[in-house]
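Commentary on secondary and tertiary structure
So you can see what is in the structure, the chains are spelled out below.
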Amino acid sequence: AWRTQALGLLRWPAAAYVEFFRSVPLLVWMFFWYFAGPPLLPQMFQDWLFDHGAEFWAAVAALGVYHGARFSEVIRAGIQSIPHTQFEAAASTGLTTIQTYRLIIIPIALRLIVPPATNEALNLLKNSSIALTIGVAELTFQTRQIETYTARAFEALTAGTLIYLFLCLAVGAVMARVERRFAIPGMIAPLAAQYGAANASPVVPAIEPRLMIEPCPDFLRCGSAARVTARTERMLRLATASNTSSE
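Now for a quick tour of the structure. Remember, it's a predicted structure, so these values are computed and weren't measured experimentally. (Residues numbered from 1 in each chain as written. Predicted model: local features only at pLDDT ≥ 70, side-chain atom pairs only at ≥ 80, totals over all residues. Heavy atoms only, no water.)

All right, on to the packing of helix α8 (residues 139-150) against helix α9 (residues 153-181) then. The contact between α8 and α9 brings their axes to 8 Å, and the two run at 165 degrees. Overall, the two elements α8 and α9 adopt an arrangement that is roughly antiparallel. Crossing hand, α8 versus α9: right-handed. Of the residues in α9, those touching α8 at Leu139, Thr140, Thr143, Ile146 and Glu147 are Ala153, Ala156, Leu157, Gly160, Ile163 and Tyr164. Of the residues belonging to the contact of α8 with α9, the class tally is 7 nonpolar, 3 polar and 1 charged. (Axes fitted to C-alpha atoms, helices over the stretch in contact; angles between N-to-C directions. Helix = DSSP H or I, 4+ residues; strand = E, 2+ residues; numbered from the N terminus. Parallel < 35°, antiparallel > 145°, perpendicular 65-115°, else oblique. Left-handed = near helix turned anticlockwise from the far one by under 90°. Contact = heavy atoms within 4.5 Å. Nonpolar A, V, L, I, M, F, W, Y, C, P; charged D, E, K, R; others polar.)

In structure tokens form, the structure reads like this:
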């Protein structure tokens, strides 16, 4: 969200973080946090780290900074896809910038970015296999160990492939259900209903600028801090009819 701000003091550090961490290959980050990171820490922290699996924490740090930078760009794209009229409407109701992002913009953006966020989550799951290069006993590492001990490369690698496939399909199915459950009525319309089942377009329908967002006071009850109300639709139709009759 910082990269969407006009204030350079917030935008520049966020841009520097994203460009720095996503421009370096993940394998390099694995080696950096495992070989170069621990010597920079005090001796007490080094001892604790090597006693509690330094390779695991190095993999967590590498995956965290790399995919964190990539995921932040997904969030930024979701925020920038929201029409600027939503910001103006929030300002007209007296909301501050922080309240606008917390109550309106972020909840809408999180719903819009479910498909790219799912793709990024699958990349994170699959990229965890790179951690075997620093000795983390993850799925690919265990597959190689079984292949080495049994000399059955085909069976071991096929089993590892099927496990990765099952995990990715499970994550995709769960996120598809989440996407359908939290779709915003009037903002993300079903493709088959809008364009016809035979000619469904792969392009997500644009957000209608005439719809107004009403903040929801109870985040847990509503499931989101923003919702599209039918009352606003009726008010707009009444106002239009009144202007037409007066003319």
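In this fold, Glu138 is placed in the loop between α7 (114-127) and α8. Summary of buried charges: Glu138 has no salt-bridge partner, and the nearest side chain of opposite charge, Arg144, is 9.0 Å away. Only 3.0 Å separates the side chain of Glu138 from the backbone nitrogen of Thr140, close enough to count as a polar contact. In terms of polar contacts, Glu138 uses its side chain to reach the side chain of Tyr164, at 3.3 Å. In contact with Glu138, other than residues within four places in its own chain, are Ser128, Ser129, Ala131, Leu132 and Tyr164. (Buried < 20%, exposed > 50% of the residue type's maximum accessible area, 1.4 Å probe, protein only. Lys, Arg positive; Asp, Glu negative; His and termini not counted. Salt bridge = Lys/Arg side-chain N within 4 Å of Asp/Glu carboxyl O. Polar contact = N/O pair within 3.5 Å; in protein donor to acceptor, adjacent residues only side chain to side chain.)

Turning next to the packing of aromatic side chains. Scanning the model with the defined rule gives 12 aromatic pairs in all. Note on Tyr34 and Phe35: the rings are 4.8 Å apart at their centroids and 75 degrees apart in plane angle, and the pair reads as edge-to-face. We classify Tyr34 as partly exposed; its relative accessible area is 22%. On the numbers, 6.2 Å between centres and 40 degrees between planes, the contact of Trp48 with Trp57 is tilted. Classification of Trp48 as partly exposed rests on a relative accessible area of 43%. (Phe/Tyr/Trp six-rings, centres within 6.5 Å; stacked < 30°, edge-to-face > 60°.)

Mapped onto the secondary structure, Gln86 falls in helix α5 (residues 84-92). C-alpha of Gln86 to C-alpha of Ile105: the two residues are 19 residues apart in sequence and 7.9 Å apart in space.

Core analysis: the biggest nonpolar cluster contains 14 residues, and Leu26, Met30, Ala59 and Ile134 have the highest contact counts within it. Secondary-structure elements contributing two or more residues to this core are α2 (26-36) and α4 (54-80). Counting residues per element, this core draws most heavily on α4, at 7 residues. When sequence neighbours within four positions are dropped, the list of residues in contact with Ala59 reads Met30, Ala131, Ile134 and Val136. The next biggest cluster of nonpolar side chains, apart from the first, holds 12 residues, and it includes Ile79, Tyr101, Leu103 and Ile105. (Core = buried A, V, L, I, M, F, W, Y, C linked by side-chain atoms within 4.5 Å.)

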